[in-house]
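What follows is the residue order along each chain.
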Amino acid sequence: MSFLYRSYLPSILKLHEVRCNVPYIFVQLRWKKIPIRKPRWLPMAPSKLFRIPEHPYVPPDEKQLIEDLLDEYYRKIESLRKLFKEELAQKSRDEGHTVENQRLEEEKFLLLLEENKKENERLQKLREETMEKNLKKTNKLLKI
């Protein structure tokens, strides 16, 4: 069968030369080895019919480690896919936003910031009061 493939090669090269306007550079093939593969439709060679390939031995703990690493890899890839999908959905939703919506969202955010600032100040006063009470108690205990 390999004889047929090699016999087609010069005609293929000639076809390429005819199609191209640029001169085609021929590579001398007389001593160059051309790998020829068996076509898929040909059956297995009779000498290989009953050959059972030996698979390399992998220790069970190493096999378990490989499975765990693969599971972790697939989980990370899946989470990245979900993240990208969510970002794409968010992007498509955000395209509909107008300048007015952005301004309203910014105002809401500023209001929330002010509210947060007030709450932080209130908590700081509370902390200072409790610290003072604790300090007074410790001072009383130390004097006694």
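Our subject in this report is the structure included herewith.

What counts, and where the lines are drawn
Residues numbered from 1 in each chain as written. Predicted model: local features only at pLDDT ≥ 70, side-chain atom pairs only at ≥ 80, totals over all residues. Heavy atoms only, no water. Salt bridge = Lys/Arg side-chain N within 4 Å of Asp/Glu carboxyl O. Helix = DSSP H or I, 4+ residues; strand = E, 2+ residues; numbered from the N terminus. Buried < 20%, exposed > 50% of the residue type's maximum accessible area, 1.4 Å probe, protein only. Patch = residues over 30% accessible without salt bridge, like charges linked within 9 Å, V, L, I, M, F, W, Y side chains within 5 Å. Areas by Shrake-Rupley, 256 points an atom, 1.4 Å probe, with all protein chains shown as cover.

## Topic: the pattern of salt bridges
Taken as a whole and judged by the stated rule, the model has four salt bridges. Among the ionic pairs, Glu72 bridges to Lys76, the shortest N-O distance being 3.1 Å. Of the two residues, Glu72 and Lys76 both sit in helix α2 (residues 60-94), four residues apart, roughly one turn of that helix. Using a relative accessible area of 48% as the deciding quantity, one classes Lys76 as partly exposed.

## Regarding a nonpolar patch on the surface
The grouping of Val58, Ile66, Leu70, Tyr73 and Tyr74 at the surface amounts to a nonpolar patch, some 470 Å² of accessible area in total. Relative to the assigned elements, Ile66 resides in helix α2.

The values reported here are purely geometric and, on their own, carry no functional implication.
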